[in-house]
Each structure stands twice: as C-alpha cells, then as structure tokens.
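# Structural features, examined
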2 protein chains.
Amino acid sequence: VSRSRDSRKAEIVRAAAELWAASGYHGTGVEELSRAVGLQRGALYHHIGSKEALLHEVGRTAIERLLETSAVDVEIAQPEERFRRLSRGLLHDIASNLAEWTVFFREVGWLTGPQRQEIFALRERYEQRWCAALADGAAEGAFRPLDSLDVKAILGMHNYSYLWLRPDGDRSPEDIAERFSDLILDGIRAKEHR
Amino acid sequence: VSRSRDSRKAEIVRAAAELWAASGYHGTGVEELSRAVGLQRGALYHHIGSKEALLHEVGRTAIERLLETSAVDVEIAQPEERFRRLSRGLLHDIASNLAEWTVFFREVGWLTGPQRQEIFALRERYEQRWCAALADGAAEGAFRPLDSLDVKAILGMHNYSYLWLRPDGDRSPEDIAERFSDLILDGIRAKEHR
C-alpha cells in the first residue's frame with residue numbers, strides 16, 4: 001500500500017513539474033493539476049498537503065537525485081576527471097529532467113519557511129561538491145587556487161543551460177559537458193600542467 | 001505632452017518590473033499593478049495596452065539598454081579588453097536593474113507571437129556582440145577558435161548571476177567581471193600568448 005502511495009505521489013510530482021514548466025507555478029490552478037493527474041481536489045490535497053508542499057517536492061526530487069548521482073564523483077582521485085564527471089552529471093540530469101529543473105530554477109524562490117530553507121540547504125550541499133573538487137584539485141597542484149566566485153561562474157554556466165538544452169538536441173549533454181569542461185579546465189589548470 | 005506620456009510609461013514599466021520580480025508575472029494581478037502606479041485600470045490599459053504588452057516593454061527596455069551601452073565595445077581593438085568590457089557591462093547592467101533582469105530571465109518566455117519574436121531577436125543581436133568579439137579575437141590569433149557552445153557557456157555564466165548578484169554585495173559587479181573574465185580568458189588565450 002505504501003509503495004503504491006509513493007508511486008502515486010511520484011506521478012503527481014512529475015505531472016506538476018510538466019504543468020508548471022509549461023504554464024508557470026502561479027499560472028496553473030489546482031483544478032488543472034487535478035485534471036492532469038486524474039484526482040479530485042480533495043484526494044490531491046490528501047496526497048500532497050498544499051500547492052507549496054508540492055513545489056517543495058518537485059525541487060527536492062530534482063536536487064536529491066543530483067546529490068545521489070554525483071555522490072560517487074567524490075571518490076574520483078584525478079582532479080580533471082572529477083570535474084568532467086560533475087559537469088556531465090549535471091548537464092545530463094538537466095537535459096533528462098527539463099521540466100523539473102525549469103521549475104527548480106524559475107519557481108523554487110516562491111517557497112517560504114522551512115521548505116525554502118531545506119531546498120536552499122540541499123542546493124548548497126550540491127555546490128559544495130564542486131567547491132571540494134576544485135579545492136582538492138588546487139591542493140594537489142593540478143588547478144590554480146579558486147574562490148567562491150569561480151564556483152558561482154561554473155555552476156551558473158551549467159545551470160543556465162535549462163533554457164536552451166534539449167534532450168534530443170544536435171549535441172548530447174555529454175558532448176556539451178566536454179566542451180564546457182575544456183573551456184574551464186584550460187583556464188584553471190596550473191601553469192606547470194599546461 | 002508626449003514626453004510626460006513617455007515618462008509615465010517608463011514609470012509603469014519600472015513598477016511592473018519591481019512587482020513581477022517580487023511576486024511573479026502570473027502571481028500579480030492588474031489590480032495590484034494599478035495600485036502600485038496610482039492609476040485606474042482603464043487609464044493603465046490606455047498607457048500599456050495589455051499585461052502581455054507590458055511584459056514585452058519590460059523585456060525590451062532591459063535588452064535595448066544593454067545593446068546601447070555595449071555598442072561602443074565593438075570599437076575596442078584589443079580582444080581581451082573587448083571581452084572584459086562586455087563582461088563588466090553585462091554584470092553592471094544586471095546588478096543595476098535586478099528587477100528588470102529577473103523578469104527578463106524568468107518571465108519573458110510567456111510572451112507570444114511577434115512580441116516574443118522581437119525580444120528573442122534582440123537577445124540574439126546581443127549574443128552576436130559576444131560571438132563577434134570572440135571570432136575577431138580568434139581571427140587575430142589572440143584566442144583559440146571558439147564555437148557557439150562556448151558563447152552559450154560564457155553568457156550563461158553571466159546571466160545566471162541575476163539569482164545571486166546584489167548591487168550592494170561584498171564585491172562590485174566590476175570585480176566579479178574581472179574574476180569571470182580571468183577564468184575564461186586564461187582558458188581561451190591562444191597558447192603562444194600565455
């Protein structure tokens with residue numbers, strides 16, 4: 001019973017992400033959402049609690065999946081390969097879950113209170129993956145020393161792709177990640193490694 | 001008369017940008033907008049035509065100002081300086097007009113028809129400023145050859161800053177632009193110039 005409840009919830013989260021990506025969080029009423037998932041308003045609230053709770057679920061689903069898939073990258077010893085894996089993982093996840101990430105980047109700012117804090121903390125945890133990869137690379141002498149602005153630049157360059165990246169585009173997310181990684185790695189590689 | 005009409009319109013555009021940045025384009029009714037600008041609904045429509053026309057005005061104001069201020073950068077002969085000026089100009093404009101750019105990056109996708117096409121064409125024209133700067137730099141042998149993905153990476157890294165850049169932040173937009181420019185220029189500088 002609990003498993004089917006969970007899968008029903010996952011379906012609702014997916015449908016909400018699609019609807020909101022297409023028509024906006026504020027632009028879509030609970031009526032439309034009910035219709036999309038084939039549930040009465042009351043049953044929908046039973047599953048999700050509130051519209052804001054559902055927005056929180058969409059955001060949490062996206063960032064937790066990314067934290068999970070990038071967890072192994074921490075183990076990679078070679079700094080450039082670790083960077084490339086983070087880059088590939090992020091662009092692959094954005095391209096494969098475009099609706100979720102559109103809602104994430106565009107709408108997650110509407111969250112308030114503890115739900116907002118949780119999402120921002122998860123995002124911060126993911127940002128730390130990149131900070132650690134760059135700091136470890138610098139400690140090993142592979143990269144020049146980098147600061148938080150460099151991390152913001154690198155993450156922004158990846159994140160902004162939700163506006164133009166398409167899963168069936170001319171170039172795969174993996175190809176794009178290689179190009180992005182080359183652009184950055186050529187600049188941050190310590191001089192003696194060039 | 002026409003000048004005061006224009007300045008009234010500019011006030012409405014500014015008020016709309018502030019409101020929509022804070023509460024979302026779909027999350028804000030025309031009532032709230034009327035109150036914010038101190039006009040009756042009818043008078044407001046007389047000035048702006050429709051809510052979508054006003055969104056178009058906000059987007060056009062932002063991108064046309066940027067096209068105007070970056071026009072002189074085309075004249076700069078030195079490729080790295082030209083890049084740095086584009087970077088400074090973009091981050092300075094985003095930081096100084098955060099509400100407008102928030103609406104631009106987050107809401108401009110709701111535009112339809114010719115108004116949508118016009119904004120996308122203006123954005124494309126601005127992107128071409130960067131493409132030309134990079135292509136000219138490569139033609140002169142200062143940069144390695146770059147492609148459209150590199151331009152997307154560089155613009156994304158700047159644009160995404162609307163989510164964290166603050167006009168009164170610890171580091172000025174100009175400092176941030178230097179750091180961003182170093183990150184990229186160190187990577188794209190042709191080998192013989194390193």
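Each remark here, short or long, concerns the structure printed above.
Residues numbered from 1 in each chain as written. Chains lettered and ligands numbered in written order. Predicted model: local features only at pLDDT ≥ 70, side-chain atom pairs only at ≥ 80, totals over all residues. Heavy atoms only, no water.

### Here we look at the packing of helix α5 (residues 79-96) of chain A against helix α9 (residues 173-188) of chain A
Residues and elements named next belong to chain A. Put simply, the rule reads: Geometry is summarised by axes, namely lines fitted to C-alpha atoms with helices restricted to the contacting stretch, and by angles between N-to-C directions that run from 0 to 180 degrees. Numbering goes from the N terminus for both helices and strands, where a helix is a DSSP run of H or I of at least four residues and a strand is a run of E of at least two. Here the word oblique covers every angle except those under 35 degrees (roughly parallel), over 145 (roughly antiparallel) and from 65 to 115 (roughly perpendicular). By convention the crossing between two helices is left-handed if the near helix lies anticlockwise of the far one by an angle smaller than a right angle, and right-handed if it lies clockwise. The contact criterion used is simple: two residues touch if any of their non-hydrogen atoms lie within 4.5 Å. The residue classification treats Ala, Val, Leu, Ile, Met, Phe, Trp, Tyr, Cys and Pro as nonpolar and Asp, Glu, Lys and Arg as charged. All others, Gly included, are polar.
Between α5 and α9, the shortest axis-to-axis distance is 9 Å and the interhelical angle comes to 140°. Between α5 and α9, the interaxial angle falls into the category oblique. In this structure, α5 meets α9 at a crossing whose hand is right-handed. Here α5 contributes Glu80, Phe83, Arg84, Ser87, Arg88, Leu91, His92 and Ala95 to the contact with α9, which in turn contributes Pro173, Glu174, Ile176, Ala177, Glu178, Phe180, Ser181, Asp182, Ile184, Leu185 and Ile188. The class makeup of the residues in the contact of α5 with α9 is ten nonpolar, three polar and six charged.

### Describing the pattern of salt bridges
Residues and elements named next belong to chain B. We apply this condition: Within this document, salt bridges are pairs made up of a side-chain nitrogen of Lys or Arg and a carboxyl oxygen of Asp or Glu, the two lying within 4 Å of each other. The rule is simple: take the accessible area with a 1.4 Å probe, protein chains only, and divide by the maximum for that residue type; under 20% is buried, over 50% is exposed, in between is partly exposed.
Scanning the model with the defined rule gives 42 salt bridges over all chains in all. Between Arg65 and Asp93 there is a salt bridge; the shortest N-O distance is 2.7 Å. On the criterion of sequence distance, the pair formed by Arg65 in helix α4 (residues 51-69) and Asp93 in helix α5 (residues 79-96) is long-range, its members being 28 residues apart. Classification of Arg65 by relative accessible area gives partly exposed; the value is 22%. One salt bridge connects Glu81 with Arg88, and the closest N-O pair in it is separated by 3.2 Å.

### Here we look at the packing of aromatic side chains
Defined as follows: A pair of aromatic rings is counted whenever rings of Phe, Tyr or Trp (Trp by its six-membered ring) have centres within 6.5 Å, and the orientation is called stacked for planes under 30 degrees apart, edge-to-face for over 60 and tilted otherwise. Any Lys NZ or Arg CZ that is within 6 Å of a ring centre and within 35 degrees of that ring's normal is treated as a charge sitting over the ring.
By the definition in use, this model includes 16 aromatic pairs over all chains. Centroid distance Tyr160 of chain A to Phe105 of chain B: 5.9 Å. Interplanar angle 85°. Geometry classified as edge-to-face. Residue Tyr160 of chain A is found in the loop between α8 (148-159) and α9, and its partner Phe105 of chain B is found in helix α6 (residues 98-107); the two belong to separate chains. For Tyr160 of chain A, a relative accessible area of 8% puts it in the buried group. A connected cluster of aromatic rings, assembled from ring pairs, spans Trp101, Phe104, Phe105 and Tyr162 of chain A together with Tyr160 of chain B. Positioned above the aromatic ring of Tyr25 of chain A, the side-chain terminus of Lys51 of chain A is 4.6 Å from the ring centre.

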